[in-house]
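The lines below spell out each chain.
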Amino acid sequence: MSEIPVLPPEVISIILDFLKFRERLALATVSRQWHDLVFGPKLCQQQLVLRVSSTKGPSLGESQPSLPVQRCRRVQVDCRGLDEEKVALGKRLLLESPVQHLAVIGSDLEMKCVLEECLPLMGRLISLEIECKSEGGATLSLANGNLESVTLSGSWKLDVDFAGLKSISIHQRDENRAITLPNAGSFAAINSFHFNGLYQCSRVFGQVFEKMIALKKLQLEHAVFESSQFNVLTSLTDLRLLDTTTKFAAWKIAIAGMKQLKTLHLIGCTFEEGTVPSTSFASDSVTEFNFYPGEENDVILPDFPNLLNMSYISNQESTPQMFEPICNKYQKLQRLSFGMSGGQFGKFLTESCIAHINKLPALKILQLVRMFLDNVNWSLCRNQLQKIRLVSSPIDGRAAQQLVATFPELRELFLDYGYLRQPAEAFEIAENFSEEQGLRRRLPRCRVSYYDCHVESLYDTCSGRRRDAGGVPSS
């Protein structure tokens, strides 16, 4: 009888990746060898998190930390309520373990005794997350030359020296406190900056942006800012503004000066003028644009002649009317996402409206969100689409069959979160499904997805009761 071959540890590690965490823990109890394989460097470094708090954490009396602790690269320290023994334990773990990712929670006074002493000596640390509550008004003096990413939450007084910092994220959670940025010796190497300001006026940005000469990616949330502060950000390639307010005139000038800008997201942004002027802002470099208009503004599409990817989602009643001007204006589009938000549904004005995509010869991916599609005539389309995603969009079987007949080269058809109306013989998940009319049979090389769909019942159709997209019978 031949012996069973022994698999190399590398192969076993790959197999373990397919198991749930509880199943892996069970295997670790088989033997010492299996324990070492389960808690291998890959698991400990990428998934395992060591937490130290007033109630959790290893014992200080352990002469030698366990193997998972030795290999762990992610540590969370909750400084709230730590006694002297736990503080000593936290310092020991931070200084003796090869920690690469550290998260610390507590007040400024509680953090001071841990971070100020340990942080400069942590040579392998890459990322740091601090959730701080200012109680004693103490200034934290933090230094580390290897840190690449820092996330700050809460309220604080910081004096930092992170010479190698490349990414910084700031979340100001206290609306009643003035916005404060860390006093840093150098922001010159930072290429990514994320700020959440809770609708406070952020005039301090101008001084900070002047120091971020290498900034490539900027995201601002819930902030009131002056667009003229952006004039120094000539190297930006990615700009994302969420629920922000500024002046349109200065914004137009700032965008024109960003010659390297590729990606622009405007999500729920408003302008202090109340309505957008008739003239639009323009950029020849933008290729990706996500536009969710604010409720207070009229919609004026920007002039982006080289735009390739666009997402336009709005809760305004006039949203369906924007489909035609978008297709007319951006004829280089390769990907288009269009639809409604905020629990509302839209409907194309005529059955031929969908044919406006014929003006987009390069279009490969079309996504429609919360749009009624029963009245759409797909046969008028001439594009060679590869992917169609209908998210929460009601459609009946006839329209779906017409769609697949129009685009025989489809590789993906997603009907996720949708309401599938009768006749539903074409939908594989319907009770009255017909094999001959099935979508997957008509598109054998296409992936058809019905994730979390609802199929209209035959009873509702025969009794004359139609349901809306939420499954509630309509009157």
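Residues numbered from 1 in each chain as written. Predicted model: local features only at pLDDT ≥ 70, side-chain atom pairs only at ≥ 80, totals over all residues. Heavy atoms only, no water.

This next bit is on the overall build of the protein. Counting secondary structure elements, the protein contains 13 helices and 27 strands. Relative to its full complement of 475 residues, the protein shows a buried share of 49%. At a minimum sequence separation of 6, the contacts of the protein that also span at least 24 residues come to 56%. Taken as a whole, the protein presents about 23,200 Å² of accessible surface, with 50% of it coming from carbon and sulfur. (Helix = DSSP H or I, 4+ residues; strand = E, 2+ residues; numbered from the N terminus. Buried < 20%, exposed > 50% of the residue type's maximum accessible area, 1.4 Å probe, protein only. Contact = heavy atoms within 4.5 Å. Areas by Shrake-Rupley, 256 points an atom, 1.4 Å probe, with all protein chains shown as cover.)

This paragraph deals with the environment of lysine 157. Structurally, lysine 157 is set in the loop between β6 (149-154) and β7 (158-161). Classification of lysine 157 by relative accessible area gives partly exposed; the value is 43%. As a C-alpha pair, lysine 157 and aspartate 108 span 49 residues in sequence and 8.2 Å in three-dimensional space. Contact partners of lysine 157, with chain neighbours within four places excluded, come to Gly137, Ala138, Thr139 and Leu140.

As for its placement among the helices and strands, histidine 265 is situated in strand β14 (residues 263-267). At 3.4 Å, the side chain of histidine 265 and the side chain of glutamate 288 are in polar contact. Of the polar contacts made by the side chain of histidine 265, one reaches the side chain of asparagine 290; its length is 3.5 Å. Sequence-distant contacts of histidine 265, that is, excluding residues within four places in its chain, are made with Leu239, Arg240, Leu241, Glu288 and Asn290. (Polar contact = N/O pair within 3.5 Å; in protein donor to acceptor, adjacent residues only side chain to side chain.)

On to unusual backbone geometry. Looking along the chain, the bond that leaves glutamine 422 and enters proline 423 is cis, with omega of 0°. Tracing the chain through its elements places proline 423 in the loop between β25 (419-421) and α12 (439-442). Within the chain, aspartate 243 stands out as a residue other than glycine whose phi angle is a positive 55°. Structurally, aspartate 243 can be placed in the loop between β12 (238-242) and β13 (245-246).

A cluster of nonpolar side chains, Leu7, Val11 and Ile15, forms an exposed patch at the surface whose accessible area comes to about 230 Å². You can see valine 11 is positioned in helix α1 (residues 9-16). (Patch = residues over 30% accessible without salt bridge, like charges linked within 9 Å, V, L, I, M, F, W, Y side chains within 5 Å. Salt bridge = Lys/Arg side-chain N within 4 Å of Asp/Glu carboxyl O.)

Another point: the pattern of salt bridges. Inspection of the entire model under this criterion finds 10 salt bridges. Where lysine 91 meets glutamate 117, a salt bridge forms, and the shortest distance between an N and an O atom there is 2.9 Å. Taken as a pair, lysine 91 in helix α6 (residues 84-96) and glutamate 117 in helix α7 (residues 108-118) lie far apart in primary sequence, 26 residues in all. Across the pair lysine 112 and glutamate 116 runs a salt bridge, and its minimum N-O distance is 2.7 Å. Separated by four residues within a single helix, lysine 112 and glutamate 116 lie in helix α7, roughly one turn from each other. Lysine 112 gets classed as partly exposed once you look at its relative accessible area, which sits at 30%. In this structure glutamate 116 comes out as partly exposed when scored by relative accessible area, which is 26%. Among the charged side chains, a network of salt bridges with common partners joins Lys387, Arg389 and Glu412.

Below, the discussion takes up helix α11 (residues 397-406). The buried fraction of α11 is high, at seven of 10 residues. Two or three places before arginine 398, at the opening of α11, aspartate 396 has a side-chain oxygen 3.3 Å from that residue's backbone nitrogen.

A few words now on the sheet that holds strand β27 (residues 454-455). Strand order in this open sheet of three strands is β23-β25-β27, and the pairing throughout is parallel. The outermost strands of the open sheet, each flanked by one partner alone, are β23 (395-396) and β27. Relative to β25, β23 runs parallel, the two being bridged by two bridges. Within β25, the position partnered with isoleucine 395 by the bridge is leucine 420. (Pairing = 2+ DSSP bridges.)

Turning our attention to the packing of aromatic side chains. One pass over the structure, following the stated rule, counts 17 aromatic pairs. On the basis of an interplanar angle of 40° and a centroid distance of 6.3 Å, the ring pair of phenylalanine 193 and phenylalanine 195 is categorised as tilted. The same class applies to phenylalanine 193 as to phenylalanine 195, namely buried. One cation-aromatic arrangement involves arginine 370 over phenylalanine 345; the distance from NZ or CZ to the ring centre is 4.2 Å. (Phe/Tyr/Trp six-rings, centres within 6.5 Å; stacked < 30°, edge-to-face > 60°. Lys NZ or Arg CZ within 6 Å of the ring centre and 35° of its normal.)

Counting 118 residues, the largest nonpolar core has Leu102, Phe230, Leu239 and Trp251 as its most contacted members. Residues Leu16, Ala28, Leu37 and Val38 belong to the second largest nonpolar core, which totals six residues. (Core = buried A, V, L, I, M, F, W, Y, C linked by side-chain atoms within 4.5 Å.)

Summarising the element assignment, serine 311 is placed in strand β17 (residues 309-314). On the basis of relative accessibility, which here comes to 6%, the residue serine 311 falls in the buried class. Once residues lying within four places of it in the same chain are set aside, the contact partners of serine 311 are Phe289, Asn290, Phe291, Tyr292 and Ser337.

Let us look at the packing of α6 against α7. For the pair α6 and α7, interaxial distance at closest approach is 10 Å and the crossing angle is 25°. On the basis of their axis angle, the class for α6 and α7 is roughly parallel. When the axes of α6 and α7 are compared, the crossing they make is right-handed. Across the interface between the two elements, Val87, Lys91, Leu94 and Leu95 of α6 pack against Cys113, Val114, Glu117 and Cys118 of α7. Looking at the contact of α6 with α7 residue by residue, the classes come out as six nonpolar, no polar and two charged. (Axes fitted to C-alpha atoms, helices over the stretch in contact; angles between N-to-C directions. Parallel < 35°, antiparallel > 145°, perpendicular 65-115°, else oblique. Left-handed = near helix turned anticlockwise from the far one by under 90°. Nonpolar A, V, L, I, M, F, W, Y, C, P; charged D, E, K, R; others polar.)

A few words now on α6. For α6, spanning 13 residues, the distance from its first C-alpha to its last is 18 Å, which sits close to the expected 18 Å at 1.5 Å a residue. When α6 is considered as a whole, its buried residues turn out to be Lys86, Val87, Leu89, Gly90, Lys91, Leu93 and Leu94. (Expected span 1.5 Å × (residues − 1).)

Bringing the environment of phenylalanine 271 into the picture now. Examined against the element boundaries, phenylalanine 271 turns out to sit in strand β15 (residues 270-271). Along the chain, phenylalanine 271 and tryptophan 251 lie 20 residues apart, while their C-alpha atoms are 9.2 Å from each other.

Quick look at the confidence of the model for the protein now. Mean pLDDT for the protein: 81, with 82% of residues reaching 70 or above. Of the regions scoring below 50 in pLDDT, residues 59-63 engages in seven contacts with residues more than four places distant in sequence or in other chains. Confidence drops under pLDDT 50 across residues 175-179; counting only partners more than four residues distant or on other chains, this segment forms 15 contacts. (pLDDT = per-residue confidence, 0-100.)

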